[in-house]
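Observations on chain architecture
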There are 2 protein chains.
Amino acid sequence: MDDNITLKQAFDKSAYPVGGHGRRNAEVLLEAFRGIDGETESDMYGSGAVIEGFQTEIAEYLGKPAAVFFPSGTMAQQIALRIWSDRRGSATVAYHPLCHLEIHEQNGLRELHRLEPILLADKSRTVLPRDVETLGADVACLLLELPQREIGGQLPDYAELEAMSALCRERGIKLHLDGARLFEILPYYGKTAAEVCALFDSVYVSFYKGIGGIAGAILAGPEDFAAESKIWKRRHGGDLISLYPYIIPAERYFRERVPKMERYYRDAVELAGLYNGCRGAKTRPQTPVSNMFHVHLDAPKEDAERIFAGIAERTGVGLTAYVNAAAEGGSQFEVSLGDRYAGVPADKLREAFRQLDEALGAQAAEPKAGQ
Amino acid sequence: MDDNITLKQAFDKSAYPVGGHGRRNAEVLLEAFRGIDGETESDMYGSGAVIEGFQTEIAEYLGKPAAVFFPSGTMAQQIALRIWSDRRGSATVAYHPLCHLEIHEQNGLRELHRLEPILLADKSRTVLPRDVETLGADVACLLLELPQREIGGQLPDYAELEAMSALCRERGIKLHLDGARLFEILPYYGKTAAEVCALFDSVYVSFYKGIGGIAGAILAGPEDFAAESKIWKRRHGGDLISLYPYIIPAERYFRERVPKMERYYRDAVELAGLYNGCRGAKTRPQTPVSNMFHVHLDAPKEDAERIFAGIAERTGVGLTAYVNAAAEGGSQFEVSLGDRYAGVPADKLREAFRQLDEALGAQAAEPKAGQ
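Scope of this entry: the structure provided in the associated data block.

Calculation criteria
Residues numbered from 1 in each chain as written. Chains lettered and ligands numbered in written order. Predicted model: local features only at pLDDT ≥ 70, side-chain atom pairs only at ≥ 80, totals over all residues. Heavy atoms only, no water. Buried < 20%, exposed > 50% of the residue type's maximum accessible area, 1.4 Å probe, protein only. Helix = DSSP H or I, 4+ residues; strand = E, 2+ residues; numbered from the N terminus. Pairing = 2+ DSSP bridges. Axes fitted to C-alpha atoms, helices over the stretch in contact; angles between N-to-C directions. Left-handed = near helix turned anticlockwise from the far one by under 90°. Contact = heavy atoms within 4.5 Å. Nonpolar A, V, L, I, M, F, W, Y, C, P; charged D, E, K, R; others polar. Least-squares fit on C-alpha atoms with pLDDT ≥ 70 in both. Core = buried A, V, L, I, M, F, W, Y, C linked by side-chain atoms within 4.5 Å. Buried area = accessible area lost by both parts, 1.4 Å probe. Salt bridge = Lys/Arg side-chain N within 4 Å of Asp/Glu carboxyl O. Phe/Tyr/Trp six-rings, centres within 6.5 Å; stacked < 30°, edge-to-face > 60°. Lys NZ or Arg CZ within 6 Å of the ring centre and 35° of its normal.

Overview of the pairing of strand β8 (residues 217-221) of chain A
All names here are of chain A. A large share of β8 lies buried, amounting to 5 of its 5 residues. When strand β2 (residues 66-70) meets β8, the two strands line up antiparallel, connected through 5 bridges. Along β8, the bridge assignment pairs A67 with A220. As judged from the 4 bridges shared by strand β7 (residues 202-206) and β8, these two strands associate in the antiparallel manner.

So, in structure tokens, the structure goes:
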């Protein structure tokens, strides 16, 4: 064993990486285009069979009148909020403080669209009906992210979701779904995508997260909303002459993996149980409600990195590629399950967790010098 | 011959289409990825060998310190103008009235960035030094498009270009190059890309026009400008997790076709000569300065469509896929030459133009009833 190997290097070399569908390499594209006829016509600036066919397929799946393919969710969601804002004549929108728009988009919503978000709830929990009750009539749109990724992928109860939807309708507040991981939560809710989306006025879904495509997103809603979103797509520079390099893989992997979401969810529940069985480790949520969860460790980042690198090298099981520092000297990382989990031999996984429990237990017994 | 066939249908069926490199179909991607190892790692949100390597290659080619790959020129150019505007503390920019930003972007520059363009020159000619002399100190940036596409691909003389660059520097006005067709004009100017770009503070080039890639653009300029453009790329929703489906074809076709730009240019000069030899036809510019020109016909759109469809059916030579109505009852279309022209047999082309001259001559002799 090489003590100098980084966790990332050990993970990349591991025979049995646990999370995701596979490496993000050119094979994802090559595989998706296998069997595609070279004569297949490109889409042209949003028109053509390849884009229109996929938009129709996803609109039907989501139960919305119209759907528009975008290069990114960042673009799609800013545009959704802008349209609802313009219709209401108010720059005020509302979302969770750990919303993608708030922490990952370089403030595009304010810098490009001059919208003013109200931050609802706090960083420890999801938005709940009592938060929605505080919203005034000046709020054009509430964005809900299901599940709330940055807190481990938590969900409100379905009854709470219905209550929030009803509250928004009463008040004339449009409700937008950040459904970056919508497919992944359907098994837990026991609902179809269309049933969940019926609670919302507009919906964004992603094709490179749970679906494992290359990039791209769909924004769905009423016909006039979709038509207006195409104008904004042009303004943002997202109305590319050809989006088929993203659409063809999105369609292929959508069809292949949506039926597997139930399995990814069950696998996540199982794997979270293994983490929660280790000393000094717990998951958030304790029982996952999708294919994802966060792992929180008492061990500091550097110790955890060394422990996971060692396990990967000795057992071949790559439990995580990184660890972040967290509050109170502990550490934390995210797990999202996909196709890979089914390929990890049960005995190897058991041995990896035996070693993890042992190492975390030993680490906890050490005096915490230098902290 | 089927009288009901549309020009587009006849063109699509023609054995010898004259313009472009080929059909915009999935083969463009499949061909570019032939020989690419599936293990090739994706870029990740603007990082990684595939994007950084190409950016370095193009920065060197353009003679600029840094280059950033964008999904589209629409996004890249709005951002360039916004950066220069923020630095100057002025929302005023200047460009030609037929600039891409003015007529093809749904007013994104105003709607997203609140910039206020001054329209220079008029719709019949390129921007000239005398126009630049009218600009005040409040102008943050002048955008010049070389060649000016919407007027047939016209260029100022190189000495005029140098004079405009000098005027901008004197006045502290940043000069930005819309180089959507920069590669295509280098043979006429007899300059390297770096020599032309040295006259400009920032430069955009496209990879799906003359280069024939799938989509994508590069924005090049100083290091700090490039770094700032990446922040705006994130805000626009263009900082995709994976841009390699555009980058790999861009690199492939850039290397393959940049050396052929001289030939495309010579071919355009030859083909324009054939059009100018027909009665009732003339090209703009009369002698092309790049691979492109516009054809103006005295014949009305419907007559011209019938004539070109007939020629395509009888000779197999697809001269154009469309004709637009133009001023004074005439018609007009654009020609851009690429790889296809070399595959058109000389005798077929001669026969096509013999028939075109005959048909346009006969059409001109008819009484213009019903106009």
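Quick look at the packing of helix α3 (residues 49-62) of chain B against helix α12 (residues 244-257) of chain B
All names here are of chain B. Axis separation between α3 and α12 bottoms out at 10 Å; the angle between their running directions is 35°. Of the two elements, α3 crosses α12, and the hand of that crossing is left-handed. Residues V50, I51, F54, E57, I58 and Y61 of α3 pack against Y244, I247, I248, A250, E251, F254 and R255 of α12. Considering only residue class, the contact of α3 with α12 consists of 10 nonpolar, no polar and 3 charged.

Brief notes about the relation of the copies chain B and chain A
When chain B is fitted onto chain A, the two copies agree to an RMSD of 0.0 Å after a turn of 180° and an axial shift of 0.0 Å. What we have between these two chains is a two-fold relation. Relative to the rotation axis, the closest C-alpha in chain B is found at L112 of chain B, a distance of 2.5 Å. With an isologous cut-off of 70% or more, the 100% of interface residues of chain B that recur at the interface of chain A puts this contact in the isologous class.

Re the nonpolar core
One finds F207 of chain A together with F207 of chain B to be the most contacted residues of the largest nonpolar core, which totals 128 residues. If we skip the residues at most four places from it in the chain, F207 of chain A touches F54, I58, F69, F183, G212, G213, I214, G216, A217, I218, A250 and F254 of chain A.

Describing the interface of chain B and chain A
At the junction of the two partners, chain B supplies 49 residues and chain A supplies 49 residues. Carbon and sulfur atoms make up 56% of the surface buried where chain B meets chain A, a total of about 4,100 Å² over both sides. Per-residue buried area on chain B facing chain A is highest for R24, L112 and R235 of chain B; these three make up 16% of the total on that side. Between chain B and chain A we count 4 salt bridges in total.

Describing unusual backbone geometry
Residues and elements named next belong to chain A. In this chain, R284 is followed by P285 through a cis amide linkage whose omega measures -5°. Of note, P285 is situated in the loop between β9 (281-284) and β10 (292-297). Phi at Q106 takes a positive value of approximately 50°, unusual for a residue other than glycine. Along the polypeptide, Q106 turns up in the loop between α5 (100-103) and α6 (108-113).

Considerations on the packing of aromatic side chains
Tallying each qualifying case throughout the model produces 35 aromatic pairs over all chains. Where F308 of chain B meets F333 of chain B, the ring centres are 5.2 Å apart and the plane angle is 80°; that geometry is what we call edge-to-face. Residue F308 of chain B is located in helix α14 (residues 301-315), and its partner F333 of chain B is located in strand β13 (residues 331-336); the two are separated by 25 residues in the primary sequence. With respect to burial, F308 of chain B and F333 of chain B carry one shared label: buried. Grouped by ring-pair contacts, the aromatic residues F54, Y61, F69, F183, F207 and F254 of chain A constitute a single cluster. Its guanidinium or amino end placed over the ring of F70 of chain B, K233 of chain B lies 5.5 Å from that ring's centre, counting from NZ or CZ. Seen from the ring of W232 of chain B, R235 of chain B lies directly overhead, with NZ or CZ sitting 4.3 Å from the centre.

Looking at the sheet that holds β7 of chain A
Residues and elements named next belong to chain A. Pairing is mixed in the open sheet, where 7 strands are placed in the order β2-β8-β7-β6-β5-β3-β4. Because the sheet does not close on itself, it has two edges, and the strands there are β2 and β4 (116-119). Between one strand and the next, the sheet's axes are offset by a mean angle of 20°, whatever the strand orientation. In this sheet, strand β5 (residues 139-145) lies alongside strand β3 (residues 92-95) in parallel orientation, the contact comprising 3 bridges. Following the sheet pairing, V93 is matched in β5 by C141.

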